[in-house]
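Here's the letter readout for the chains.
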Amino acid sequence: MINAHRLTRRFGTFTAVSHVSLHVPDSSVLALLGPNGAGKTTTVRMLSGLLAPSEGEATVASYDVRREPDAVRACVGLVTDAPGLFEQMKVPAYLDFFGSLYGMSPAARSRRIDELLEFFDLTAHRNEKMAGFSKGMKQKVALARALIHEPQVLFLDEPTSGLDPLAARAVRELIVGLKHGSRSIILCTHDLDEAERLADEVAIIRQGHIVARGTPTALRRQATGETLVQVEFAAPCPLTLEALQTVEGVNTAHFVEKKATGTLPSVPQPQALMLEYLTAQPKVVNPQVLAQLMTVGTQIVSVTCETRTLEDVYAEAMGTGSAGYMDHGTLLDEARVTTLI
Amino acid sequence: MIKDARHTMTRVTSKKASTLSAIWLIARRQMLEAIRDRSTLTTAGFLLVLQTVLILVVLAPAMRDHPAKGMSNAGFTMAFYLLVVGLMPSATAIGIASGAFAGDKERGSLMPLLVTPASNTAIFAGKVLGAILPALLYSVIGMLVYFLEITLRFGLDKLGLLPAALSVLIILLIPAIAFFGAALASVISSRVRTFQSAQNFSSFLQIVLWFGLGTLFFLVGNLGLWAFAVAVAGIYALDVVLIIVSAMTWKREEVMAKQ
C-alpha cells in the first residue's frame, strides 16, 4: 500500500513536485501521466526512498519514506526506461548479486532466480552475457531484478519504452499478473492506451501538481460528458448547418470535407462529406438529427458515436483540450476515406 | 495526515545485507568486471609488455658495471624502474573508479544499486575498494614480472643491489597512489556528468602528482631518504582526507538530485 500526503520536492528555488497526495491500495495500479519534466519521476524517487521530500509525508508498505528510507527500499522494486544492467554479467550472476544485497539466503536466491528465468523466458539465455541481449530482453532482466526480492510495491517508470509490440504486450500482461499478486503498482507512462488498459486509477500530473485523478472511466465522464457524433454521407448533404442547429442539444456542428487520397490527380473523385457535432444527450438528439437529414433525402452511410478517450482528457488537463476532438476527427476521417477507395 | 497503517496491516519484513557484506559484494562484482573488461586488460597487458622491453633496453647497460656495495648506479636505476612498474598499473584505479561512479551514472546502471537497501557507505566503499583491488593486483603482477625478469636476465644476485629502504618506500607508495586515484576519481565523478570527463580530470591531477614524485625521487641523493618517506606519508594523509571528504559528500540523495 502507498499513501502520500502533500508530498513536495524542491531543488533550490525550483519546485519539481508540489503537494501531491496519492493512495494506492494493495492489488491495484495507479498510472501517473504527464509530459517530460512534469514531476512523475521525482514523485517515484521520493516514494522509493531515493529522494527525501522537502515537505509532506508518505508511507510505502507501512514504512515512512523520510524516517525509514532503507526499509522502504527493501520493500520496493523499481524499473526505469533504461534497464541499467551490468552488461558483462550473465543473468543468474546479476540477479544473484542483487538478491544478496537484499539479504536473501543462497537457497532462496537460487530458487527465485530459476523461477524468474523461467517466467521471463530467459532460461535458454542463462549462460550468455547480457551485452548481446535485445532491448526487450534487457528490460525483462530489469523487471526480474526488480522482482528478485518479491517486493510489495513496484514502481514502473515507462517500462515499455522502446520495446517492440510483442515485448511490450508481455510486460503489460506481467503488470496485470503482478497486480493480482497483491502488489501496489505505480506506473509512469506516456502511453495513454497502456494507462487506460492497466490502471485502476489515473493521476495526471502537470508542472508538479496533480491536475486530474480518478478511474479512466470517471475521468472521461468528468471531462465534458459530451459525445462526438459523426454522420457520413454518400453524397454532399443538402441540408444547411443552420437547419441542423435548430435541433436542441446539438453543439459545434460542422461539415468535414473528405480528402480523396490514393488516387490519380487527373481522375475526378466524388467528395464524400461528413457531419460532426457534440451532444450531451445522444439518445435524444441523434434520432432528431437523423430524421431531419432523411427528410431531405440525405444518403447516410454510417453514424458513429465516440465517447471521449483518455487522450482527450489528458490534452484538456495539459491545456490543449479543444484541439483534441478535431485532431482525432481528422485522423479518423482520412482513415475511412482510404478504406472507401 | 496519513493514517499509520502499521497497526492495521502486517508489516512486510524488511531485509538487507549487512554493511560489510554489501561493501564486499559491490567491490567483488566491480573487481571482477574490471578484470574481465577488455580495455583495462589491454592497458595492463600493454604496460607489462612496455616494462619488459624498457627494462631490457634501459637496465642492461646499468647492470654491466656496478660496485658491490652501497647505492650503486644499477641499484638506483632498478629502484626507479620498480617505481615505474609499480605506479603505472596503479593508475588503472582512476579508470575503474571513474567507470564505477561517473560511468555507471552515465549508463544508468547506478540507479538499480541506489534503489537497494545498501547504505551510502556500503555503495561508496564498495566502489572505491572495487577500483583499488584490481589496480593493486596489476601492480603486484607488474613488480613480480619485473623481479622475475631481472632474475632471469641478470641473475638472482642482482636483486640484492636494490636499495632496501627505498624499495620498501616504493612498495608502500603504490597502494597510496591507487587509493589516491580511486578517491580522486570518486570525488570528481560526483561533480561531472561523463566517464570521460572524470577520467580526464583525475588523470591530469594524477600526472601532476607523478611528476612531483619523480622529481623528488631524483633528489633523494641530495635531500636524503627521509624526504621520500615524508612524501609517502603525505600521500597517505591526503588519501585519508580525500576518502573522508568523498565518503561524506557521496550520498544517493545528491546523486539523484543531480540526475
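Residues numbered from 1 in each chain as written. Chains lettered and ligands numbered in written order. Predicted model: local features only at pLDDT ≥ 70, side-chain atom pairs only at ≥ 80, totals over all residues.

Quick notes on the overall build of chain B
Here is step 1 of the chain: Each helix and strand counted, chain B has 10 helices and 0 strands in total.
Here is step 2 of the chain: The buried share of chain B, taken over its 259 residues, is 43%.
Here is step 3 of the chain: Long-range contacts, defined here as pairs at least 24 residues apart, represent 85% of the contacts in chain B between residues at least 6 apart. (Helix = DSSP H or I, 4+ residues; strand = E, 2+ residues; numbered from the N terminus. Buried ≥ 20, exposed ≤ 12 C-beta atoms within 10 Å, placed from the backbone. Contact = placed C-beta atoms within 7 Å.)

Describing the nonpolar core
Here is step 1 of the chain: In terms of nonpolar packing, the biggest core is built from 159 residues, with Val60, Ile186 and Leu187 of chain A touching the most fellow members.
Here is step 2 of the chain: Per element, the largest residue contribution to this core is 15 residues, and it comes from helix H7 (residues 164–189) of chain B.
Here is step 3 of the chain: There are two domains that each give this core at least three residues, and those are domain 1 (2–214) and domain 2 (222–340) of chain A. (Core = buried A, V, L, I, M, F, W, Y, C linked by C-beta atoms within 7 Å. Domains from an automatic or database assignment.)

Here's the deal with the sheet that holds strand E14 (residues 300–306) of chain A
Residue and element names in this part refer to chain A.
Here is step 1 of the chain: Within the open sheet, the 4 strands sit side by side as E12-E13-E11-E14. Their pairing is antiparallel. With one partner strand each, in any of the chains shown, strand E12 (251–257) and E14 form the two edges of the open sheet. On average, each strand axis in the sheet is inclined to that of its neighbour by 15°, with strand direction left out of account.
Here is step 2 of the chain: Pairing of strand E11 (residues 227–233) with E14, which is carried by 6 bridges, proceeds in the antiparallel orientation. Each residue of the ladder has a partner; that of glutamate 232, found in E14, is serine 302. (Pairing = 2+ DSSP bridges. Axes fitted to C-alpha atoms, helices over the stretch in contact; angles between N-to-C directions.)

Thoughts on the environment of valine 128 of chain B
Residue and element names in this part refer to chain B.
Here is step 1 of the chain: Checked against the element boundaries, valine 128 lands in helix H6 (residues 120–154).
Here is step 2 of the chain: Of the residues examined, valine 128 has 29 C-beta atoms within 10 Å and is grouped as buried.
Here is step 3 of the chain: Sequence-wise, valine 128 and leucine 41 are 87 residues apart; in three dimensions their C-alpha atoms are separated by 19 Å.
Here is step 4 of the chain: When near neighbours in sequence (up to four residues on either side) are disregarded, valine 128 contacts Ala97, Ala182, Ala183 and Ser186.

Notes on the interface of chain A and chain B
Here is step 1 of the chain: The interface is formed by 34 residues belonging to chain A together with 31 residues belonging to chain B.
Here is step 2 of the chain: A total of 5 residues in the side of chain A that touches chain B trace back to one element, the largest contributor, which is helix H2 (residues 69–75) of chain A.
Here is step 3 of the chain: Classifying every residue of the side of chain A that touches chain B gives 18 nonpolar, 11 polar and 5 charged. (Nonpolar A, V, L, I, M, F, W, Y, C, P; charged D, E, K, R; others polar.)

Notes on the confidence of the model for chain B
Close inspection of predicted coordinates is inappropriate for parts of the model with low pLDDT.
All names here are of chain B.
Here is step 1 of the chain: Residues with a pLDDT of 70 or more make up 90% of chain B, whose mean pLDDT is 83.
Here is step 2 of the chain: For chain B, helix H10 (residues 252–257) is the element with the lowest average pLDDT, namely 75, and helix H5 (residues 111–114) is the one with the highest, namely 92.
Here is step 3 of the chain: Of the regions scoring below 50 in pLDDT, residues 1–12 engages in 17 contacts with residues more than four places distant in sequence or in other chains. (pLDDT = per-residue confidence, 0-100.)

Regarding the packing of helix H4 (residues 92–107) of chain B against helix H8 (residues 195–223) of chain B
Residues and elements named next belong to chain B.
Here is step 1 of the chain: Viewed as axis vectors pointing N to C, H4 and H8 meet at an angle of 155°, and their least axial separation amounts to 8 Å. Taken as axis vectors, H4 and H8 run roughly antiparallel relative to one another. Between H4 and H8 lies a crossing whose hand is right-handed. For the pair H4 and H8, contact is made by Ile94, Gly95, Ser98, Gly99, Phe101, Ala102, Gly103 and Glu106 and by Phe195, Ala198, Gln199, Ser202, Ser203 and Gln206, respectively. (Parallel < 35°, antiparallel > 145°, perpendicular 65-115°, else oblique. Left-handed = near helix turned anticlockwise from the far one by under 90°.)

Here's the deal with the domain arrangement of chain A
Residues and elements named next belong to chain A.
Here is step 1 of the chain: For chain A, the domain assignment lists domain 1 (2–214) and domain 2 (222–340).
Here is step 2 of the chain: Contact residues are listed per partner, giving 11 residues for domain 1 and 7 residues for domain 2.
Here is step 3 of the chain: Mapped by element, the contributors of at least two residues to the side of domain 1 that touches domain 2 are helix H7 (192–198), strand E9 (201–206) and strand E10 (209–214).
Here is step 4 of the chain: Of the residues assigned to the side of domain 1 that touches domain 2, the class counts are 8 nonpolar, 1 polar and 2 charged.

As for the environment of alanine 60 of chain B
Here is step 1 of the chain: Looking at where alanine 60 of chain B falls in the secondary structure, it is placed in helix H2 (residues 38–64).
Here is step 2 of the chain: When the C-alpha positions of alanine 60 of chain B and arginine 153 of chain B are compared, they lie 8.8 Å apart, and in sequence the two are 93 residues distant.

Focus: the pairing of E10 of chain A
Here is step 1 of the chain: In this sheet, E10 of chain A lies alongside E9 of chain A in antiparallel orientation, the contact comprising 5 bridges. Looking at E10 of chain A, one finds that alanine 203 of chain A is bridged to arginine 213 of chain A.

Quick notes on the sheet that holds strand E2 (residues 14–24) of chain A
All names here are of chain A.
Here is step 1 of the chain: If you walk across this open sheet you meet the 4 strands as E2-E1-E4-E5, and the pairing is antiparallel. Of all strands in the sheet, those with a lone pairing partner are E2 and strand E5 (63–64), marking the two edges.
Here is step 2 of the chain: Of the pairings in the sheet, the one linking strand E4 (residues 55–60) to E5 comprises 2 bridges and is antiparallel in character. Counterpart to valine 60 in the pairing with E5 is tyrosine 63.

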